[in-house]
Amino acid sequence: MAYTEEELKKELETKEYEYGFYTDIESDTFPVGLNEDIVRAISKKKEEPEWMTDWRLEAFRVWKEMEEPEWANVKYKKPDFQAISYYSAPSKKPKYDSLDEVDPELLDTFKKLGISLDEQKKLAGVAVDVVMDSVSVATTFKKTLAEKGIIFCSISEAIREYPELVKKYIGTVVPRKDNFYAALNSAVFSDGSFCYIPKGVRCPMELSTYFRINQAGTGQFERTLVIADEGSYVSYLEGCTAPMRDENQLHAAVVELIALDDAEIKYSTVQNWFPGDKEGKGGVFNFVTKRGICETNAKISWTQVETGSAVTWKYPSCVLKGDNSIGEFYSIAVTNNYQQADTGTKMIHLGRNTKSTIISKGISAGKSQNSYRGLVQINGRAENARNFSQCDSLLMGNECGAHTFPYIEAKNKTAQIEHEATTSKIGEDQIFYCNQRGIDTEKAIALIVNGFSKEVLNKLPMEFAVEAQKLLEISLEGSVG
Amino acid sequence: MDLKDKLVSSFMAFENTVDVNHPVHEVRSEAIKNFETLGFPSKKMESWKYTSLKSILKPQLSVFPKKETSLDYKDVKQYFIHEIESYKIVFVDGVYSSHLSETSHEGLDVCLMSAALSKPKYRLLIENYFNKIAVKDGLTSLNTAFSKEGAFINIPRGVVVEKPIQILHFTTGVESSLLTQPRNLVVVGENAHVQIIERHQSLTDNPTFTNCVTEIFANKRGIVDYYKIQNDRDEASLIDNTYISQQRNSHVSVHTFSLGGKLTRNNLQFFQKGEYLDSTLKGVTITDKKQHVDHSTLVHHAQPNCESHQDYKGIYADKSTGVFNGQIIVEKEAQKTNGFQQSNNILLDDTATINAKPQLEIFADDVRCSHGCTIGQLDDEALLYLRSRGIPKKEATALLMFGFANNVLESVKIPQLKQRITKLIASKLGVNLGFDL
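Residues numbered from 1 in each chain as written. Chains lettered and ligands numbered in written order. Predicted model: local features only at pLDDT ≥ 70, side-chain atom pairs only at ≥ 80, totals over all residues. Heavy atoms only, no water.

(A) View of the environment of His292(B). Residues and elements named next belong to chain B. Among the secondary structure elements, His-292 is positioned in strand E15 (residues 292-301). Residue classification places His-292 among the buried residues on the basis of a relative accessible area of 12%. In this structure, the C-alpha to C-alpha distance between His-292 and Gly-322, residues 30 residues apart in sequence, is 5.9 Å. Apart from residues no more than four positions distant in its own chain, His-292 is found in contact with Tyr-50, Thr-51, Lys-262, Leu-263, Thr-264, Thr-321 and Val-323. Among the polar contacts made by the side chain of His-292, one reaches the side chain of Thr-51 at a distance of 2.9 Å. (Helix = DSSP H or I, 4+ residues; strand = E, 2+ residues; numbered from the N terminus. Buried < 20%, exposed > 50% of the residue type's maximum accessible area, 1.4 Å probe, protein only. Contact = heavy atoms within 4.5 Å. Polar contact = N/O pair within 3.5 Å; in protein donor to acceptor, adjacent residues only side chain to side chain.)

(B) Molecular detail of a positive patch on the surface. A grouping of Lys346(A), Lys411(A), Lys43(B) and Lys49(B) is seen on the molecular surface, where their side chains present a positively charged patch. Tracing the backbone shows Lys411(A) in the loop between strand E23 (401-410) and strand E24 (416-425). (Patch = residues over 30% accessible without salt bridge, like charges linked within 9 Å, V, L, I, M, F, W, Y side chains within 5 Å. Areas by Shrake-Rupley, 256 points an atom, 1.4 Å probe, with all protein chains shown as cover. Salt bridge = Lys/Arg side-chain N within 4 Å of Asp/Glu carboxyl O. Lys, Arg positive; Asp, Glu negative; His and termini not counted. Charge placed at Lys NZ, Arg CZ, Asp CG, Glu CD.)

(C) Spatial organisation of the interface of chain A and chain B. Contact residues are listed per partner, giving 33 residues for chain A and 35 residues for chain B. Buried area between chain A and chain B, both sides added, is near 2700 Å², and the carbon and sulfur share of it is 47%. Of all residues in chain A, the largest losses of buried area upon contact with chain B belong to Tyr407(A), Ile408(A) and Lys413(A), amounting jointly to 21% of the total for that side. One can count 0 salt bridges joining chain A with chain B. Of all elements in the fold, only E23 and E24 of chain A reach the threshold of two or more residues within the side of chain A that touches chain B. Grouping the amino acids of the side of chain A that touches chain B by side-chain chemistry returns 11 nonpolar, 14 polar and 8 charged. One ladder, built from 6 bridges, connects E23(A) with strand E19 (residues 353-362) of chain B; its direction is antiparallel. Directly across from Ala410(A), in E19(B), lies its bridge partner Ile354(B). (Buried area = accessible area lost by both parts, 1.4 Å probe. Nonpolar A, V, L, I, M, F, W, Y, C, P; charged D, E, K, R; others polar. Pairing = 2+ DSSP bridges.)

(D) Here's a closer look at the layout of surface pockets. Estimates place the volume of the largest pocket at around 1200 Å³. Arg373(A), Tyr407(A), Glu46(B), Lys49(B) and Lys357(B) are, among the 46 residues lining the largest pocket, the residues nearest its centre. If you list the elements that add at least two residues to the lining of the largest pocket, you get strand E13 (284-294), strand E21 (369-378) and E23 of chain A together with helix H6 (138-145), strand E13 (263-272), E15, strand E17 (321-330) and E19 of chain B. Across the lining of the largest pocket, the residue classes tally to 17 nonpolar, 16 polar and 13 charged. (1 Å grid on protein atoms, 1.4 Å probe; cavity = no way out; pocket = protein on both sides within 12 Å on 5 of 7 lines; lining within 4 Å. Points joined across faces, edges and corners; volume = space filled by probe spheres on them.)

(E) Up close: the pairing of strand E20 (residues 368-376) of chain B. In this sheet, E20(B) lies alongside E24(A) in antiparallel orientation, the contact comprising 7 bridges. Pairing of Glu420(A) across the sheet is with Gly372(B), part of E20(B). By the bridge criterion, 9 bridges tie strand E18 (residues 338-347) of chain B to E20(B) in an arrangement that is parallel. Each bridged residue has a counterpart across the sheet, and for Asn338(B) the counterpart in E20(B) is Arg368(B).

(F) The pattern of salt bridges, seen in detail. Residue and element names in this part refer to chain A. A full pass over the atoms with the stated rule returns 37 salt bridges over all chains. Ionic pairing is found between Asp-37 and Arg-40, a salt bridge with its closest N-O pair at 3.8 Å. Here Asp-37 pairs with Arg-40, and both are found in helix H2 (residues 36-45), just 3 residues apart, close to one helical turn. Overall, the relative accessible area of 38% leaves Arg-40 in the partly exposed class. Residue Lys-290 pairs with Glu-238 through a salt bridge whose shortest N-O separation is 3.0 Å. Placement of the pair is Lys-290 in strand E13 and Glu-238 in strand E9 (residues 233-241), with a sequence separation of 52 residues.

(G) Structural context of the pairing of strand E8 (residues 193-202) of chain B. All names here are of chain B. The element E8 is largely enclosed, with a buried count of 9 among its 10 residues. Judged from the 7 bridges that link them, strand E5 (residues 165-171) and E8 form a sheet pairing that is parallel. Within E8, the position partnered with Thr-171 by the bridge is Ser-202. Sheet topology note: the E8/strand E10 (residues 223-230) ladder contains 7 bridges and is parallel. For Ile-196, the partnering residue across the bridge sits in E10 and is Tyr-226.

(H) Local environment of the packing of helix H7 (residues 380-387) of chain B against helix H8 (residues 393-409) of chain B. Residue and element names in this part refer to chain B. The interhelical angle for the contact between H7 and H8, taken along N-to-C directions, is 125 degrees, at an axis separation of 9 Å. One element, H7, and the other, H8, form an angle in the oblique class. Here H7 and H8 pass one another in a crossing that is right-handed. Facing H7, whose interface residues are Ala-382, Leu-383, Leu-386 and Arg-387, H8 presents Lys-393, Ala-396, Thr-397, Leu-399 and Leu-400. Of the residues that constitute the contact of H7 with H8, the class distribution is 6 nonpolar, 1 polar and 2 charged. (Axes fitted to C-alpha atoms, helices over the stretch in contact; angles between N-to-C directions. Parallel < 35°, antiparallel > 145°, perpendicular 65-115°, else oblique. Left-handed = near helix turned anticlockwise from the far one by under 90°.)

Okay, here's the thing in structure tokens:
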């Protein structure tokens, strides 16, 4: 008897979140709620200088005046911002010299995720700045990086050690007033990563951070700042998985990329937070603001694989300010069960001869809703700007939805913009073709989905591509319509 | 008193001029309430993000024409497609002009909305169709509230109308603050076939504002070809709302040629209510000066095995702005849908702007939907090719533009109309190609 569609569906529905476990580390958690005192307390806890505290308070005041945005094509119960604890850090916080000293329980967690530090170490040249909840607990390969003059540390450390750099760049790409969640993040960000590549340096390894939400009821407010000085190159990886939780968790991160003249930043994300169970209960709310600014001849490339989160609201963007700068966006967004994703990008062309490429692949299964929302804006001064966008959606089953909302605004006659979008399903003939050749239906689907997403998977660094492929299979296997 | 309040209060005066006991009046009363709540659209609304009505919503606007203006045929002959036999329904400042018109009740009804609303024999039709698919947004509600006059076309089953029907709305601009709100209803029976040409034309350079609503019902296997010519003067503004409901196996196509006018907004919405039907939306937009043309289309696929084709070409010069907002919704039930949307745009000047938002919202899995949107300029090499063969730059540019728009032009089924549109485009581009395309 052949493997039927029904069976596949059933199997998919009963597929529980594989990474749902909880690491029992004592945490140092703040009382719930948010007010100026909490903001001050966070700042104090992080031993921040006064300007930073003021910066946070200003953001908090702005945030209080703002309203939660409602335009996205997602429906969810709004989080109660007064019912969240805004700070949580593992309380055992020794400064490790080597991995052996790290809390074994923590190491175990990473082993279960298949991203143990040992393995990471073996995988040629990956430095991992592990963020467990909010505070960096282990940073490896720091020495190698230091020799090149590369700064790679947690943002709180950077605020203490390199205040002039942080002060100069923080909030320049994503201003505090940018949007509701960016303002919130600016006020309460607990930790995150900071990276600075000096002039003309090519970062010898992939920089990588694994974020992980661990403590129940803890909001995660990461702040990442990557600065690539003139002529430098860096490839930055960010990966996320979260343990199973019943209540919705909020994640409002801000990522700022600054690519100065001739610099190149490649930013890759694999996101696999808990998407909620098959009834749509629980799951992480992911409201992220990611933006990069390109100076002359600079290039920023965003690659993302989104398989988790109950609600995703994320638009990694590029401001192509300098002439000849390039922005790229490659994305795979997979939604299953009751997941909702509203994701895409913004390409703002300001400089001459700027180029942008958008490749977005959306895969929706179960009762999920997957939206692409993008903006391509060519300003009057952006002579010879060029954009190519492609949004493909794959639907599995007739209870899910795929939506495309591209905004295209051109104010220059030399602009060349192409946008195309298609929607399709996995053809029965394609499955049949594979079956004929002895490939079972499940493998066939994995094969076809992989082929569908190949353009994006190819853009991921090797270490990540393997993991991403695994994730795609977990999220999707069997869900063919 | 702002415009909204003024219009709401003029509704009472309006009630004195119509039969308040007719069932339609209930629809009107509801619509005015609706308008009172919704008001005029603002840029804060997603669907009006790129188009502002601020410049045309003047507080002195009034819905009542003060006097009747009559026109001589020779003065307006140029606006008719006079090369062919046709039925004609002509309005001047919203008032029916009998001597310019050529209506009929023989085997079909080509007549007036006012007649349809007053004669008992049309009561059933009106009850079944009037305001049944019009979306209840602010502007449409405003039109519904004051609906009184317009074209009423009823084609009984099996009738193939042998000549096209022309609907012409002239605005004289004698009263510059007149808001004209024609209301048209087209009912096409089973197996019936009709071709309709609609044109709004102002006759002076005074500012005019028209808020028009047309409802079209195509029953089983009905065929409707609808052509809209928008080549108005620089100060004329038009909001054209067209709602189309289609039954099984019907074919409806709407061609919109937007060449003139100050602000033109086309709300074109197709609701598919049967299987195996086909909707076609095509348009050519050529603008200059400070023109603003907005095409907002919606195709709502609610039944399986249907098709839709959208093809919009836009050429924007000078300080003009183009907006294309195309939406395709495919409901869960609408399996095997084939939805196609294409929007190609050319910017000729740096001061021109194009905003495009092609949207797909898909809830069914076995569908083929695609949309494409491009913004670019004329090919320099093609231009050089033509110029090296002795064709002056202006003519060469025009030729390329004709080529660009040809996909839409060639599907116009009335040859004389096609010729006329070609001429209109040629004069818009300021060229004489010396031959017919």
